[in-house]
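Structural features, examined
In case you want the letters, here they are:
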Amino acid sequence: MAGAGTGRTGAAGLVAVLAVVAVSGWFLHDRFGGRSQSRATITEACKGLVDPGALMRFAGGRKVGAEPPGDRVCLLSREVTFEGEERMDAFFSLWVVPSGDAEPGGRTFEFTARSVTVTATCAAPARSTGATALRVTAGTEFEAATRGEPGALPGLAREAALRAAARAGCETVLPPAPKL
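The following refers to the structure shown. Predicted model only: the values in this text are computed from it and were never measured.

1. Focus: helix α3 (residues 152–168)
- Here α3 spans 24 Å end to end across 17 residues, near enough to the 24 Å set by a 1.5 Å rise per residue.
- If you check which residues of α3 are buried, you get A152, L153, P154, L156, A157, A160, A161, A164, A165 and A168.
- Against the buried residues of α3 lie α2 (52–58), β3 (85–99), β4 (109–111), β5 (115–121) and β6 (133–140).

2. Observations regarding the pattern of salt bridges
- Under the criterion given, the structure shown has five salt bridges.
- Among the salt bridges present, the one from R87 reaches D89, with a minimum N-O distance of 3.1 Å.
- On the basis of relative accessible area, R87 is assigned to the partly exposed category, the value being 39%.
- One salt bridge in this structure joins E159 and R163, with 2.8 Å as the shortest N-O distance. A residue pair is termed a helical-turn pair when its members lie 3 or 4 positions apart in one helix, as E159 and R163 do in helix α3 at four residues.
- Linked through salt bridges whose partners overlap, the residues forming this network are D71, R72 and E141.

3. Details of the state of the cysteines
- Evaluated as defined, the whole model comprises two disulfides.
- Here C46 connects covalently by a disulfide to C74, the sulfurs 2.1 Å from one another. Judged by the sign of its S-S torsion, about 80°, the cystine formed by C46 and C74 is right-handed. Taken as a pair, C46 in the loop between α1 (2–45) and α2 and C74 in strand β2 (residues 74–82) lie far apart in primary sequence, 28 residues in all.

4. Brief notes about the sheet that holds β5
- Strand order in this open sheet of six strands is β1-β2-β3-β6-β5-β4, and the pairing throughout is antiparallel. Each of the sheet's edge strands pairs with one partner strand only, and the pair in question is β1 (64–67) and β4. Direction aside, neighbouring strands of the sheet carry axes that sit 25° apart on average.
- Note: β2 against β3, nine bridges, orientation antiparallel. Each bridged residue has a counterpart across the sheet, and for F82 the counterpart in β3 is E85.
- Where α3 meets the sheet, its contacts fall on β3, β4, β5 and β6, and the angle it forms with β6 comes to roughly 145°.

The rules behind these values
Residue indices begin from 1 for each chain and proceed along its sequence in written order. Local features are withheld for residues below a pLDDT of 70 in this predicted model, meaning they are given only at 70 or higher, and side-chain atom pairs are given and counted only at 80 or more; totals for whole chains, interfaces and linings count all residues. Neither water nor hydrogens contribute to the side-chain values; these are computed over all heavy atoms in the structure. A run of H or I in DSSP becomes a helix once it reaches four residues, and a run of E becomes a strand once it reaches two; helices and strands are each numbered from the N terminus. What a helix is expected to span follows from its residue count: subtract one and scale by 1.5 Å. Residue burial is assigned from relative accessible area. The probe radius is 1.4 Å, only protein chains are included, and a residue is buried under 20% of its type maximum, exposed over 50%, and partly exposed in between. Any two residues whose heavy atoms approach within 4.5 Å are treated as being in contact. Definition used for salt bridges: Asp or Glu carboxyl oxygen within 4 Å of a side-chain nitrogen of Lys or Arg. Sulfur atoms of two cysteines make up a disulfide when they are within 2.5 Å. At least two bridges found by DSSP between two strands is the condition for calling them paired. The axes are straight lines fitted to the C-alpha atoms, using for helices just the contacting stretch, and the angles between their N-to-C directions are given from 0 to 180°.

Shown next, in the form of structure tokens:
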């Protein structure tokens, strides 16, 4: 009789262990699989111009999706909860505009309430476009440019400017991003 009871306890224990493994797997996929999907979405939508990890921190670690960009390089949305319902709201945009009339010694970082523009002046005209500068604007759609870690939005704009300049063949040097 002792063996029969042990078999039931063993089967119940096995079912409990399998249930824990299944729930843990679901949680890990949701927690990390969703993050890896968001990172892939960021990389693809923004054409590799921003660091997905930095942008995920800026998004507050929430799920990120892409919206039709319009005249921008990318427009990203993040999952938010509003009145008990989850939805995707636009929160980040990126523009890259080549310029042929760069002002030597002009301001590198320009700020508005919801955006940071970085001007990357080329040492010589860019090989691909002949541009003498690239103006890269990182914006937050519904929040202040100062949200998140100090310097987060300026840092994203600076990194995007450096990556866009490298792709265009524009040799440039930018100062560190200011901490807002």
